[in-house]
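Examination of the molecular architecture
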Amino acid sequence: MTDFFNKTDLSRNDAEKIISETLNNCDDGELYLENSKSESIVLDDDKIKSSNYSSDLGYGLRAVTGEVVAYSHSNEISKNSLKQSADNLSSTLKSKKGVYNHEISKTNEKFYKDINPIEEKSLQSKLELLKEVNNYTRAKGGIVQQVTASFSGEHKSIEIIRSGGEVLTDIRPLIRFNVSVMLEKNGKKETGVYGIGGRQSYDEYLKEGNWKKVCDEAFRIASVNLESKPAPAGEMKVVLGPGWPAILIHEAIGHGLEGDFNRKKTSAFHNLMGQRVASEGVTIVDDGTLHNRRGSLTIDDEGTPSEKTILIENGILKNFMQDRLNARLMNTRSTGSGRRESYKHVVLPRMRNTMMLNGKYSQEEMIKSVDKGIFAVSFGGGQVDITSGKFVFNCTEAYEIINGKIGAPIKGATLIGDGPSILKEVSLVGNNMMLDPGIGTCGKAGQGVPVGVAQPSILIDKMTVGGTQL
Amino acid sequence: MVKDQDYLKKTAFFCVDLAKKLGATDATAVVGHSISETVNFRNRKLDESDRSDSLGVGLETYIGKKKSSITSSNLNEDNIKTLIERCIETTKITPEDEFNSLPDKDLLATKINDLNLYDDDHIENNEKIEYLKEAEEAALEKKEIINTETSFTESKSNFILASSDGFLNGYKSSTFSASCVAIAKKFDDKMERDYEFTSTCHLHDMLRPNQIGSLAAKRTTQKLNPQKIESEKISIIFDRRISKGMLSILASAISASSIARGTSFLKDKINEKVFSSSINIYDKPNIVKGLGSRYFDSEGVKMEELKLVDQGVLKHYLIDTYYGKKLNLKSNGRSGGTSNLYFEKGSISYKNLLKLNQRTLYITETIGHGSNLVTGDYSVGATGFMVENGVFKYPVSEITIAGNFNDMFKNITLADDLEFKYSTNAPTMLIEGMVVAGK
């Protein structure tokens with residue numbers, strides 16, 4: 001645990017006093033302290049291209065009254081700096097009065113261990129493993145033109161001090177291992193990318209030659225794409241594979257169910273609570289309590305314990321994801337979804353691990369039922385316009401389906417749909433739910449946070465595929 | 001107040017000296033400080049104030065051809081010492097790379113002409129609020145607007161780059177920016193959202209609040225009641241918001257790293273025709289008050305104006321020291337990317353560009369990350385308008401547009417309406433022969 005008041009003229013007592021004075025007439029707020037260490041080691045082009053280590057320390061002081069948030073952050077933890085922040089907050093909120101809500105629930109359950117993954121594996125062994133990864137992948141043949149492999153690790157220690165001196169802490173490890181391969185055959189080039197990770201030590205993910213599977217998968221995706229033909233253009237049936245393609249749910253539904261957009265009535269979902277937004281059989285949850293998963297949190301960045309929140313139950317909209325501010329203004333409770341990228345950022349309601357639960361159909365049944373369509377196995381990334389509800393995601397591995405059979409691979413195409421209506425087009429939900437491999441980062445208002453997704457295979461009756469073949 | 005050069009120099013020298021003392025043969029330090037203050041306003045009410053004070057240091061250490069780096073925002077002296085020790089230990093065990101080196105001395109920036117990139121003016125939060133109120137009032141004049149969100153940010157920064165070979169320079173810069181997002185709804189239709197913004201180095205160069213408010217409202221209401229169109233091959237016009245994206249693609253594809261690694265669709269295309277003959281592209285670092293203007297690149301190398309594309313022919317890559325050495329080329333001061341990158345304006349007016357084809361799809365927004373720099377394939381979600389005989393007919397949404405940059409670049413026609421609103425700028429652009437996927 002970091003002692004944030006070591007090596008500074010600011011004592012814990014001073015800090016508590018400033019916090020209480022500043023937040024006395026506010027509805028909510030806290031001092032958030034963060035100490036994070038991170039590393040990134042990249043092998044590229046047969047060489048260790050970079051090895052970087054980063055050490056960051058800072059605080060964010062927040063005061064909330066009514067709908068107004070005042071925030072001030074600095075990397076200088078000192079009496080002067082905190083006082084300046086407090087003055088800044090008070091001047092913003094000077095004409096407003098609130099009643100501080102001291103209530104915060106507590107938990108003893110931790111969803112990951114207090115480890116520092118960076119120190120648990122020596123730099124030497126990481127460098128050697130990257131070399132091995134490079135040699136193993138390049139040995140797959142002369143068509144391998146480029147291999148990039150990277151380790152990134154993080155150890156983040158946070159402390160939340162609320163008015164009245166209540167303290168909440170968390171230590172969050174996070175690692176990721178990534179391999180990207182570029183192949184060239186007959187003048188055609190294609191890349192394949194694969195990665196794994198989560199909130200455990202490197203060796204938990206890399207043991208028993210697991211890293212080889214990551215290399216194999218990146219190579220396989222690139223090989224498939226070498227044989228790909230132009231994608232079709234227009235509306236058709238789409239079968240999504242299990243696991244990572246659940247970023248469709250993240251983009252199409254997830255963002256639209258975040259509390260802030262609904263309180264502000266800028267989400268296409270804001271007036272749909274209790275209504276049917278998906279076909280029967282579709283249940284979607286946002287779960288921060290899965291052990292060691294990338295999107296999991298013991299407590300959120302306001303100190304609220306994480307939970308499993310039911311968003312859509314059997315097609316009916318049940319809950320939004322809430323932080324304390326939006327929960328208070330919408331007369332509900334925080335779902336433990338208040339997150340921030342770092343002390344430099346304000347809290348927003350965000351997703352954790354967003355999952356569609358199992359139905360009863362097999363993937364074979366789905367594919368068999370399609371005369372003309374596509375089977376999308378993996379995606380690069382997605383984006384949504386919250387207000388209009390339109391969302392996209394980009395295929396990195398997809399195949400055509402003709403007369404109930406999987407056909408040739410098709411080139412990366414963008415799929416586009418309408419969030420509030422897409423889940424009504426889901427006609428079959430599979431029985432093969434899978435978690436993603438632990439690689440997702442979600443962006444919102446310029447803040448990136450680690451997230452997870454999961455789903456079984458699903459059949460969507462109508463979606464627009466953005467290929468070039470008319 | 002943003003910290004002065006003397007403070008930043010002291011910290012940078014401390015890092016470089018200590019690194020050398022601990023065994024580095026070379027070292028480069030960057031120390032930067034920035035303060036920014038933002039006010040957000042929503043539906044005529046204060047929503048958020050945010051003050052950000054960030055001091056950070058980055059250090060690269062070399063031992064011969066071995067290299068590694070650290071960054072930190074924890075400037076406690078003990079912490080910095082520990083970090084530098086760690087950096088040196090890491091450098092020792094990192095394998096050699098023959099291309100690792102500081103920039104060639106004769107390429108370093110020496111004389112600096114003032115480009116007026118810093119404005120000492122300060123605007124208090126209550127003045128920001130006045131500006132935002134006025135912007136929202138202007139937006140709300142349109143009765144279909146049901147929601148407005150506005151934001152004003154003032155940001156000041158200062159940095160110093162110090163290197164063991166004697167380079168020592170840095171400068172202050174400032175940005176003032178404001179934006180207005182409007183949401184419109186008519187009867188029971190779905191909502192639409194659009195925006196307008198202004199961003200400048202100097203406070204008094206900003207657009208007036210009523211200008212951004214009215215434009216945001218106008219753009220948003222025009223989008224109401226969109227239609228989905230049939231899939232077809234059609235000529236597409238990219239609004240200036242989107243057309244500049246073609247330059248960002250070009251910049252990534254001709255960066256020395258993409259070329260050296262062989263991961264660019266423009267590899268080996270130097271001195272070849274990649275655009276139609278009418279196209280000229282410049283990267284000009286020394287525009288007074290330019291949003292992309294820089295005195296030197298992130299390694300301290302001098303930056304000169306480059307005509308990247310001359311009558312359609314690719315003339316330069318964007319070269320830094322490392323990949324320059326790898327490609328056996330000299331750095332042209334583009335470590336950290338381009339500066340003010342722009343297409344020379346075309347010869348046809350905006351109005352006439354709209355009339356060039358009987359039917360044209362006019363794109364105002366794209367979503368998704370559908371650009372593949374290895375293959376040149378492009379496929380993104382899009383929103384816009386159907387234009388018939390030069391007249392905007394109806395809004396279009398939930399479609400995708402797709403093509404390949406190799407073909408798209410050769411089929412560009414530019415209007416004569418270039419303006420310098422971003423650091424990368426392009427006139428309105430027509431591209432023939434792309435495919436729209438819709439119904």
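Residues numbered from 1 in each chain as written. Chains lettered and ligands numbered in written order. Predicted model: local features only at pLDDT ≥ 70, side-chain atom pairs only at ≥ 80, totals over all residues.

Scanning chain A for helices and strands turns up 11 helices and 22 strands. Taking 470 residues into account, the globule formula puts the C-alpha radius of gyration at 23 Å, and chain A, at 24 Å, falls close to it. If you line up chain A on its principal axes, its C-alpha atoms span 70 × 55 × 35 Å. Counting only residues that meet the buried cut, chain A has 60% of its 470 residues in that class. In chain A, the proportion of contacts linking residues at least 24 apart, taken out of those at least 6 apart, comes to 75%. (Helix = DSSP H or I, 4+ residues; strand = E, 2+ residues; numbered from the N terminus. Rg over C-alpha atoms; globule rule 2.2 N^0.38 Å. Buried ≥ 20, exposed ≤ 12 C-beta atoms within 10 Å, placed from the backbone. Contact = placed C-beta atoms within 7 Å.)

We now examine the sheet that holds strand 10 (residues 306–310) of chain B. Residue and element names in this part refer to chain B. Pairing within the open sheet is mixed, and its five strands lie in the order 11-10-9-12-17. Each of the sheet's edge strands pairs with one partner strand only, and the pair in question is strand 11 (313–314) and strand 17 (424–425). Sheet topology places strand 10 next to strand 11; two bridges connect them, and they run antiparallel. Bridge pairing in strand 11 places V309 opposite L314. (Pairing = 2+ DSSP bridges.)

It is worth spelling out the domain arrangement of chain A at this point. Interface size is commonly expressed as the accessible surface area that is lost when the partners come together. Residue and element names in this part refer to chain A. Domain parsing of chain A yields domain 1 (117–226) and domain 2 (233–466). For domain 1 versus domain 2, the separation of C-alpha centres amounts to 24 Å. Contact residues are listed per partner, giving 14 residues for domain 1 and 16 residues for domain 2. Put simply, the parts of the chain that give the side of domain 1 that touches domain 2 at least two residues each are strand 5 (167–185), strand 6 (188–198) and helix 6 (210–226). Grouping the amino acids of the side of domain 1 that touches domain 2 by side-chain chemistry returns six nonpolar, five polar and three charged. (Domains from an automatic or database assignment. Nonpolar A, V, L, I, M, F, W, Y, C, P; charged D, E, K, R; others polar.)

Taken together, the contact between chain A and chain B spans 66 residues of the former and 63 residues of the latter. In terms of residue count, the dominant contributor to the side of chain A that touches chain B is strand 2 (residues 47–65) of chain A (11 residues). Grouping the amino acids of the side of chain A that touches chain B by side-chain chemistry returns 19 nonpolar, 31 polar and 16 charged. Strand direction decides the pairing type here: strand 2 of chain A and strand 3 (residues 66–72) of chain B, joined by four bridges, are parallel. Residue S55 of chain A lies in a different strand from strand 3 of chain B, and its bridge partner there is S72 of chain B.

With that out of the way, let us pick up the domain arrangement of chain B. All names here are of chain B. Structurally, chain B comprises domain 1 (5–222) and domain 2 (226–439). On a C-alpha basis, the centres of domain 1 and domain 2 stand 25 Å from each other. Among the residues making up the side of domain 1 that touches domain 2, the classes are represented as 12 nonpolar, eight polar and one charged.

Residue and element names in this part refer to chain B. For helix 1 (residues 5–21), with 17 residues, the first-to-last C-alpha span of 24 Å sits near the 24 Å given by 1.5 Å per residue. On its buried face, helix 1 sits against strand 1 (26–42), strand 2 (45–63), helix 2 (77–93) and strand 4 (145–163). Residue G23 follows helix 1 closely and has a positive phi angle near 120°. (Expected span 1.5 Å × (residues − 1).)

Moving on to the confidence of the model for chain B. Scored by pLDDT, chain B has a mean of 96; 100% of the residues are at 70 or more. Reported confidences for the modelled complex are a pTM of 0.94 and an ipTM of 0.91. (pLDDT = per-residue confidence, 0-100.)

On to the environment of G336 of chain B, then. Residue and element names in this part refer to chain B. Here G336 is to be found in the loop between helix 7 (321–327) and strand 12 (341–343). On the neighbour-count criterion, G336 (15 C-beta atoms within 10 Å) is partly exposed. When the C-alpha atoms of G336 and D297 are compared, they prove to be 6.5 Å apart, with 39 residues separating the residues in sequence. With near-sequence residues (within four places) excluded, G336 lies in contact with D297 and S298.

Our focus in this paragraph is the packing of helix 1 (residues 12–23) of chain A against helix 2 (residues 79–92) of chain A. Residue and element names in this part refer to chain A. Helix 2 packs onto helix 1 with a crossing angle of 5° between their chain directions and a minimal axis gap of 10 Å. Between helix 1 and helix 2, the interaxial angle falls into the category roughly parallel. On helix 2, the residues that touch D14, A15, I18 and T22 of helix 1 are K79, L82, K83, A86, L89 and S90. Taken together, the residues of the contact of helix 1 with helix 2 break down into five nonpolar, two polar and three charged. (Axes fitted to C-alpha atoms, helices over the stretch in contact; angles between N-to-C directions. Parallel < 35°, antiparallel > 145°, perpendicular 65-115°, else oblique.)

This paragraph deals with the pairing of strand 22 (residues 458–466) of chain A. All names here are of chain A. Most of strand 22 sits out of view: seven of its nine residues are buried. Bridging between strand 7 (residues 233–240) and strand 22 involves seven bridges; their strand directions are antiparallel. What sits directly across from E235, in strand 22, is T464. As paired elements, strand 17 (residues 414–418) and strand 22 share three bridges and run antiparallel to each other. For T414, the partnering residue across the bridge sits in strand 22 and is G466. With three bridges joining them, strand 18 (residues 426–429) and strand 22 adopt antiparallel strand pairing. Paired with V429 across the bridge in strand 22 is I458.

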